[in-house]
Amino acid sequence: MTTRNTLAFDTATARRIEANYLTPEVVAQRREIMRRLELKPGEHVIDIGTGPGLLTDEMARAVGPGGRVVGIDLSNEMLAMSRVRCAAQAWVELGQADAVTLPFAKATFDAAVSAQVYEYVGDLARALAEARRVLRPGGRLLVLDTDWDSIVWNTSDRPRTTRMLTAWKEHVIHPHLPRTLGRRLKDAGFVVEDIGVFTLVNSEYGQHTVSHGLAALMAAFVPGRQGISEAEVAAWVADLRELGAADNYFFSLNRYLFLARNP
Ligand SMILES: C[S@@+](CC[C@H](N)C(=O)[O-])C[C@H]1O[C@@H](n2cnc3c(N)ncnc32)[C@H](O)[C@@H]1O
């Protein structure tokens, strides 16, 4: 079996992801993360895979200047966006690091968050062990990840859409992580306190919707995988546009949220 590259978080991808994360659906998803995390002023938090820094920024507002928010990411392009976004908050620290080797002492943080990151991490057992190590006893970890089989998308050619989605699954290492994440967290020594689901739904193909942004990410990633050509991708996107124009559009996707405690 040949190994294909997963998604590269370069400048173009970082911009697409940032735009996607500013859609109302993903804004609501962040609100849900914040609701479950229940951050208090003065708390110390780590954002593992900070990305464009939108969640980092919200967490910084919640803990306030008496708190501390650390964001780590592998991608310099993503970190650059986070630095601009969080520039006014001196209690935010951003740096390049890998989720599998967090450069912090044991029991440094009250809370840790990793949203849409662990599905990209090969050695997940090590990443979860690291998250637990840097949490104080009683500290919590909030993980959000997608099961990419949870997509329901109205399209005119279902076999073509299935091939598109199969190729898109190659963008991550664990396309079905939520199914096994509970077990993996327990194996890492966490107590799983709650598992929830947040559904993203679109009934139109507007430019400022999560599925429009996802289609753009897929259109850039998929050509050449699963025998899919540029022309086929263009036809698939045109179909979405036509269904939108005919007021016959439907998309939904589940994001799963795990709240785990370091006992
Ligand atoms: C889809 S983005 C999510 C960003 C952010 N957590 C959010 O929800 O807004 C995934 C991020 O994970 C980062 N990432 C992937 N693998 C990583 C690893 N092993 N260690 C640290 N960051 C990683 C990527 O560079 C990217 O910024």
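Because the structure is predicted, anything quoted here is derived from the model rather than measured. (Residues numbered from 1 in each chain as written. Predicted model: local features only at pLDDT ≥ 70, side-chain atom pairs only at ≥ 80, totals over all residues. Heavy atoms only, no water.)

**As for the overall build of the chain**
Link 1 in the chain: Looking only at helices and strands, the chain has 9 helices and 8 strands in total.
Link 2 in the chain: The C-alpha atoms of the chain give 19 Å as radius of gyration, which agrees with the globular expectation for 263 residues (18 Å, within 12%).
Link 3 in the chain: Principal-axis analysis of the C-alpha atoms places the extent of the chain at approximately 50 × 40 × 30 Å.
Link 4 in the chain: In the chain, which comprises 263 residues, the proportion classed as buried is 55%.
Link 5 in the chain: In the chain, 81% of the contacts between residues at least 6 apart in sequence involve partners at least 24 apart.
Link 6 in the chain: Surface exposure of the chain reaches about 11,500 Å², of which carbon and sulfur atoms provide 53%.
Link 7 in the chain: A distance of 4 Å separates the average location of the 30 positive side-chain charges in the chain from that of its 31 negative side-chain charges. (Helix = DSSP H or I, 4+ residues; strand = E, 2+ residues; numbered from the N terminus. Rg over C-alpha atoms; globule rule 2.2 N^0.38 Å. Buried < 20%, exposed > 50% of the residue type's maximum accessible area, 1.4 Å probe, protein only. Contact = heavy atoms within 4.5 Å. Areas by Shrake-Rupley, 256 points an atom, 1.4 Å probe, with all protein chains shown as cover. Lys, Arg positive; Asp, Glu negative; His and termini not counted. Charge placed at Lys NZ, Arg CZ, Asp CG, Glu CD.)

**Structural notes on the site of the ligand**
Link 1 in the chain: With respect to spatial proximity, 18 residues lie near the ligand, and among them Gly49, Asp73, Asp98, Ala99 and Ala115 are the closest.
Link 2 in the chain: Separating a nitrogen atom of the ligand from a backbone N or O atom of Leu74 is a distance of 3.4 Å.
Link 3 in the chain: Ala115 is positioned such that a nitrogen or oxygen atom in its backbone is 2.8 Å from a nitrogen atom of the ligand.
Link 4 in the chain: When isolated, the ligand has an accessible area of 600 Å², and the protein chains bury 95% of it.
Link 5 in the chain: Broken down by class, the residue content of the shell around the ligand amounts to 11 nonpolar, 5 polar and 2 charged. (Near = heavy atom within 4 Å. Polar contact = N/O pair within 3.5 Å; in protein donor to acceptor, adjacent residues only side chain to side chain. Nonpolar A, V, L, I, M, F, W, Y, C, P; charged D, E, K, R; others polar.)

**Quick word on the pairing of strand E3 (residues 92-96)**
Link 1 in the chain: When strand E2 (residues 68-73) meets E3, the two strands line up parallel, connected through 5 bridges. Among the inter-strand pairings, Val70 is bridged to a residue of E3, identified as Glu93.
Link 2 in the chain: Each parallel crossover has a hand, and for E2 linked through helix H4 (residues 76-85) to E3 it is right-handed. (Pairing = 2+ DSSP bridges. Right-handed = clockwise from strand over helix to strand, strands pointing away.)

**Digging into the pattern of salt bridges**
Link 1 in the chain: Applying the stated rule across the entire model yields 17 salt bridges.
Link 2 in the chain: Put simply, Glu170 and Arg225 hold a salt bridge, and the shortest N to O gap is 2.9 Å. One end of the pair, Glu170, is in the loop between helix H6 (158-168) and helix H7 (178-187); the other, Arg225, is in the loop between helix H8 (210-221) and helix H9 (230-245), and 55 residues separate them in sequence. Judged on exposure class, the residue Glu170 and its partner Arg225 are both buried.
Link 3 in the chain: Of the charged contacts in the structure, one is a salt bridge between Arg261 and Glu193, with a shortest N-O distance of 3.1 Å. Of this pair, Arg261 sits in strand E8 (residues 251-261) while Glu193 sits in strand E7 (residues 191-202), and the two are 68 residues apart along the sequence. (Salt bridge = Lys/Arg side-chain N within 4 Å of Asp/Glu carboxyl O.)

**What about H4?**
Link 1 in the chain: Buried within H4 are the following residues: Met78, Leu79, Met81 and Ser82. Around the axis of H4, the buried residues are gathered within 160 degrees of arc, so they sit on the same side.
Link 2 in the chain: In this structure, the buried side of H4 is in contact with helix H1 (11-21), E2 and E3.
Link 3 in the chain: The backbone nitrogen of Glu77 has a side-chain oxygen 3.3 Å away, supplied by the residue at the start of H4, namely Ser75. (Arc of directions from axis to C-beta.)

**Section: the environment of Pro103**
Link 1 in the chain: Mapping Pro103 onto the fold places it in the loop between E3 and strand E4 (109-115).
Link 2 in the chain: C-alpha of Pro103 to C-alpha of Glu130: the two residues are 27 residues apart in sequence and 9.5 Å apart in space.

**Points about the packing of aromatic side chains**
Link 1 in the chain: Within the structure shown, the criterion is met by 7 aromatic pairs.
Link 2 in the chain: A centroid spacing of 5.3 Å and a plane angle of 45 degrees characterise the contact between Tyr205 and Tyr249, whose relative ring orientation is tilted. Pair noted here: Tyr205 is in the loop between E7 and H8 and Tyr249 is in the loop between H9 and E8, with a separation of 44 residues, a long-range link. Each of the two residues, Tyr205 as well as Tyr249, counts as buried. (Phe/Tyr/Trp six-rings, centres within 6.5 Å; stacked < 30°, edge-to-face > 60°.)

**Digging into unusual backbone geometry**
Phi is mostly negative for residues that are not glycine, and the peptide bonds are mostly trans.
Link 1 in the chain: At Glu38, a residue that is not glycine, the phi angle is positive and equals roughly 50 degrees.
Link 2 in the chain: Residue position: Glu38 is located in the loop between helix H2 (24-37) and strand E1 (44-48).
Link 3 in the chain: A positive phi angle, near 55 degrees, is found at Gln226, a position not held by glycine.

**Looking at the nonpolar core**
One recurring pattern in soluble globular proteins is that nonpolar side chains are buried together.
Link 1 in the chain: Core analysis: the largest hydrophobic core is formed by 56 residues, its most contacted members being Met59, Trp153, Met218 and Val222.
Link 2 in the chain: Tallying contributions element by element places H8 first for this core, with 6 residues.
Link 3 in the chain: Setting aside residues no more than four positions away along its own chain, Trp153 makes contact with Leu165, Ser211, Leu214, Ala215, Met218, Trp236, Leu240, Tyr249, Phe250 and Phe251.
Link 4 in the chain: With 29 residues, the next largest nonpolar core counts Ile46, Ile48, Leu185 and Phe190 among its residues. (Core = buried A, V, L, I, M, F, W, Y, C linked by side-chain atoms within 4.5 Å.)

**Re a nonpolar patch on the surface**
Link 1 in the chain: Taken together, the side chains of Val152, Val201 and Phe250 present a nonpolar region at the surface, about 240 Å² in accessible area.
Link 2 in the chain: Assignment of secondary structure puts Val152 in strand E6 (residues 152-153). (Patch = residues over 30% accessible without salt bridge, like charges linked within 9 Å, V, L, I, M, F, W, Y side chains within 5 Å.)

**What to know about H1**
Link 1 in the chain: Buried residues of H1: Thr13, Ala14, Ile17, Glu18, Asn20 and Tyr21, and no others. Buried residues along H1 cover an arc of 160 degrees about the axis, so they all sit on one side.
Link 2 in the chain: If you follow the buried residues of H1, they end up packed against H2, helix H3 (54-63), H4 and H8.

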